[in-house]
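# Chain and residue survey
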Amino acid sequence: MLLYLLVAIIIFCCAVILILVGRSKKNDNRYELSLIVSQQQEKELTELREKLSETQNSIEMDMLMVREITSILGNMQGIELSLQAAFSRMLEILSIDFGILSFEGNRNGFQSFKGTSENLLKTLENVTQRRIVLEDSSSELTPLSFEDFQKARDLKVMKSAHSLLGFACKVRSIREGYFLVGFHKPHEYTQAELDALQLCADQFAVNFQVSKRLLDSQELAELQHDYIANVSHELRTPLTTIYGYLTILKSYPEKLFQENERHEMFSIMTEECQRLIRLINNLLLSIRVEQEDFQMKLKPVSISLGEMISQTCRFMEREFKSKNIQVVTDIPAGLSPIEGNYDLLYQVFQNLMANSIKFSSKDPKIEIMATEEEESIVVTVTDNGVGIEEQALPKIFQKFYRAQSQASKRPGLGIGLYLVSKLVEMHHGKIEVASELNKGTSFKLRFPKASVAQSISQGASS
């Protein structure tokens, strides 16, 4: 009996020991699990602190950048000086070793180099993959390699150029310019640096666009002032001539004038009247074409360009003869018709011929040629006049614009070619110009054939 009791006690003690050992292991597992969770939480907390610190640094850097850059851009006189100063300050704040800032523009475009020379930009321009640095591209990008720079044959400037990064300076997706930055040693850009650089790119673009618009508005105001003065002159000159001849014819007996003298007076007055009519038509039409519903009021008909050009030449024959201008036409018979408004297209060719007459030189000659292509009719009006300087060619179709080399020598309002461009565009056509000083000017007009024009109109209306 005692033996059974002893065995039972031993079994009980073993069971208790096993229970205690199990509970101990369970507690150990719980402790290890809580320790792992605690370490994970501590790690996440550390990462969060780092992100908060990085975000705070980014915010502080952005605030510093905004304050510094906007202050410089707002206080300095002159767009070029302010952008150069702001760009230099940006490099200084971010501790960037060198950079290149470039903006395009006919009047206010410029480039600025800080810590490097123009040779670096030229080297990059010689690399075919330059677009991956400066422009967004949806195609697969190829990294720049040593062989790419080797092809540029200017490796000296690349020895100290590392971690090159390019930012486009855009306003509403319109790129005004760009800047490149880099270090003398390999550098990994932080998010704070990238945000600050993007902020500066936006600020530079806005400042450049505002200054450009200011210059454009100043130029427009000057053009409008000149326009009013030119209108007054253009109206007064022919009226003065007509009034003078009418006074002479009225004040003196008819017998004092020979027949050829009277004929000459009436011819001059007729030409001056034609000038006035053309001027007034252009003035009225320049207002009408800018109205939104103007094109909707047009009633297109089938037009033979050959007949229209012949009629225009007959109407201007007197002016051609008075200037001893030789007119040569080469228009094939049976030219396919185009579709459009007859009066407006007549104005196009009248303005082009009047422009050639105005800017004629010694032994003047005007050639008018027409050719037929698969879907269009091409008309070329060429003269051997004074020509247009190269830098003025992109602007000659702007309203009120007159080339500086001829503005003081020839009368005009700067709306003739503007109207030509607008009217050609209304007929779904295109116009191109080529010119060389003292050699002449050539205008090429391309109009869709009647069948093609109808499909274009139907597609536009749908």
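Preceding this paragraph is the structure being described.
Residues numbered from 1 in each chain as written. Predicted model: local features only at pLDDT ≥ 70, side-chain atom pairs only at ≥ 80, totals over all residues. Heavy atoms only, no water.

Per the counting criterion, the structure on display carries 5 salt bridges. A salt bridge links Arg-89 to Glu-92; the shortest N-O distance between them is 3.0 Å. Taken together, the positions of Arg-89 and Glu-92, both in helix 2 (residues 79-93) and 3 residues apart, correspond to about one turn of that helix. Judged by its relative accessible area of 22%, Arg-89 is partly exposed. For Glu-92, a relative accessible area of 55% puts it in the exposed group. With a shortest N-O distance of 2.9 Å, Lys-449 and Glu-372 are connected by a salt bridge. Note that Lys-449 is positioned in the loop between strand 11 (440-448) and helix 13 (450-461) and Glu-372 in strand 8 (residues 365-372), a separation of 77 residues in sequence. Residue classification places Lys-449 among the buried positions, given a relative accessible area of 13%. (Salt bridge = Lys/Arg side-chain N within 4 Å of Asp/Glu carboxyl O. Helix = DSSP H or I, 4+ residues; strand = E, 2+ residues; numbered from the N terminus. Buried < 20%, exposed > 50% of the residue type's maximum accessible area, 1.4 Å probe, protein only.)

On to the environment of Glu-118. Locating Glu-118 in the fold gives a position in helix 3 (residues 118-125). When its relative accessible area of 39% is taken as the criterion, Glu-118 is described as partly exposed. Considered as a pair, Glu-118 and Ile-100 are 18 residues apart in the sequence and their alpha carbons are 8.4 Å apart.

With mixed pairing, the 5 strands of this open sheet are ordered in space as 6-8-9-11-10. Only two strands of the sheet have a single partner each, and these edge strands are strand 6 (326-330) and strand 10 (430-436). Between one strand axis and the next, the sheet turns by 10 degrees as a mean value, whatever way the strands run. Relative to strand 8, strand 6 runs parallel, the two being bridged by 5 bridges. Along strand 8, the bridge assignment pairs Asp-330 with Met-369. The sheet contacts of helix 10 (residues 342-358) involve strand 8, strand 9 (376-383) and strand 11, and relative to strand 11 the element is tilted by about 170 degrees. Strands in contact with helix 12 (residues 416-426) are strand 10 and strand 11; relative to strand 10, the strand with the most contacts, it is inclined by about 145 degrees. (Pairing = 2+ DSSP bridges. Axes fitted to C-alpha atoms, helices over the stretch in contact; angles between N-to-C directions. Contact = heavy atoms within 4.5 Å.)

Time to look at a nonpolar patch on the surface. The grouping of Ile-248, Tyr-252 and Leu-256 at the surface amounts to a nonpolar patch, some 290 Å² of accessible area in total. On the secondary structure map, Tyr-252 appears in the loop between helix 6 (191-251) and helix 7 (259-288). When its relative accessible area of 47% is taken as the criterion, Tyr-252 is described as partly exposed. (Patch = residues over 30% accessible without salt bridge, like charges linked within 9 Å, V, L, I, M, F, W, Y side chains within 5 Å. Areas by Shrake-Rupley, 256 points an atom, 1.4 Å probe, with all protein chains shown as cover.)

Now for the sheet that holds strand 2 (residues 110-114). Spatial ordering of the open sheet is given by 2-1-4-3, a layout of 4 strands whose pairing is antiparallel. Two strands close off the open sheet at either side, each with one partner strand: strand 2 and strand 3 (162-171). For this sheet, the mean angle separating the axes of adjacent strands, direction not counted, is 10 degrees. Sheet topology places strand 3 next to strand 4 (residues 174-183); 8 bridges connect them, and they run antiparallel. The partner of Lys-170 across the bridge, within strand 4, is Arg-175. Sitting on the sheet, helix 2 touches strand 1 (98-103), strand 2 and strand 4, and the angle it makes with strand 2 is about 30 degrees.

For helix 2, which comprises 15 residues, the first-to-last C-alpha distance of 21 Å matches the rise-based estimate of 21 Å (1.5 Å per residue) to within 8%. Once helix 2 ends, the next one or two residues include Ser-95, with phi positive near 55 degrees. (Expected span 1.5 Å × (residues − 1).)

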